[in-house]
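Listed below are the residues making up each chain.
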Amino acid sequence: MKCVDVAVAVLVGASAVAGILFWTPRSGDLRSGELAARAELGARVTSVVQAKGMSWFLSAPPPALCSYLAGLSNSTVHLFADVGGATCGDAPPAGAVQASIAFRVVNLRVDVGAWSDAGP
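Residues numbered from 1 in each chain as written. Predicted model: local features only at pLDDT ≥ 70, side-chain atom pairs only at ≥ 80, totals over all residues. Heavy atoms only, no water.

Caption draft 1: Structural detail: the state of the cysteines. Counted according to the given criterion, the structure contains one disulfide. Across the disulfide, Cys66 is cross-linked to Cys88 (sulfur-sulfur distance 1.9 Å). Classification of the bridge connecting Cys66 and Cys88 rests on its S-S torsion, roughly -70°, and on that basis the disulfide is left-handed. Taken as a pair, Cys66 in helix 4 (residues 62-72) and Cys88 in strand 2 (residues 86-88) lie far apart in primary sequence, 22 residues in all. Judged by relative accessible area, Cys66 falls into the partly exposed class, the value being 29%. (Disulfide = S-S within 2.5 Å. Helix = DSSP H or I, 4+ residues; strand = E, 2+ residues; numbered from the N terminus. Buried < 20%, exposed > 50% of the residue type's maximum accessible area, 1.4 Å probe, protein only.)

Structure (structure tokens):
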């Protein structure tokens with residue numbers, strides 16, 4: 001009987017340790033960090049569009065648009081745009097957290113976005 005008690009205690013202890021090792025709450029933390037980063041990037045893109053107005057993005061010459069976005073980009077947040085096929089800024093690499101706003105006026109489509117490769 002004593003051997004059975006010891007065996008059950010060992011099995012319970014081993015299953016508890018295995019459960020702790022295989023349960024990874026860190027993955028939930030990473031996902032919530034990614035969502036927070038995406039929300040911050042979305043707010044950044046919205047503020048960029050609101051600061052100049054949609055009409056500016058439609059009428060600005062590509063060099064002015066590229067210069068404006070380059071001036072707002074830094075080592076962790078990179079801004080990019082695609083205005084009617086003319087692109088500015090670096091496209092986000094695979095795995096980067098990104099957010100963008102797209103709008104269309106008549107036949108002209110404008111995409112303004114931001115990405116970050118800084119982990120959450």
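Read on, since the account is not over.
Caption draft 2: Structural context of the packing of aromatic side chains. Applying the stated criterion to the full structure yields two aromatic pairs. Pairing Trp56 with Phe57 gives two aromatic rings, centres 5.2 Å apart and planes at 85°, and the pair type is edge-to-face. A ring pair is formed by Trp56 and Tyr68, whose centres lie 5.2 Å apart and whose planes are at 70°; its orientation type is edge-to-face. Remark: Tyr68 occurs in helix 4 and Trp56 occurs in helix 3 (residues 54-59); sequence separation between them is 12 residues. (Phe/Tyr/Trp six-rings, centres within 6.5 Å; stacked < 30°, edge-to-face > 60°.)

Caption draft 3: Representation of the environment of Gln98 in the model. Relative to the elements of secondary structure, Gln98 occurs in strand 3 (residues 97-105). When sequence neighbours within four positions are dropped, the list of residues in contact with Gln98 reads Arg38, Leu41, Phe80, Pro92, Ala114 and Trp115. (Contact = heavy atoms within 4.5 Å.)

Caption draft 4: View of the pattern of salt bridges. Under the defined criterion, the tally for this structure stands at two salt bridges. A salt bridge links Glu34 to Arg38, with the shortest nitrogen-to-oxygen separation between them at 2.7 Å. Separated by four residues within a single helix, Glu34 and Arg38 lie in helix 2 (residues 25-52), roughly one turn from each other. Residue class for Glu34 comes out partly exposed when judged on its relative accessible area of 24%. In this structure, Arg109 engages Asp111 in a salt bridge whose closest nitrogen and oxygen atoms are separated by 3.1 Å. What makes Arg109 partly exposed here is its relative accessible area of 39%. (Salt bridge = Lys/Arg side-chain N within 4 Å of Asp/Glu carboxyl O.)

Caption draft 5: The sheet that holds strand 3, seen in detail. Strand order in the open sheet formed by four strands is 2-1-4-3, with antiparallel pairing between adjacent strands. Each edge of the open sheet carries a strand with a single partner, namely strand 2 and strand 3. Averaged over all neighbouring strand pairs, the angle between strand axes comes to 10°, with direction disregarded. Pairing of strand 3 with strand 4 (residues 108-116) involves nine bridges; the strand directions are antiparallel. In the sheet register, Arg104 faces strand 4, and the bridge partner there is Arg109. (Pairing = 2+ DSSP bridges. Axes fitted to C-alpha atoms, helices over the stretch in contact; angles between N-to-C directions.)

Treat this as a map of the structure, not an account of what it does.
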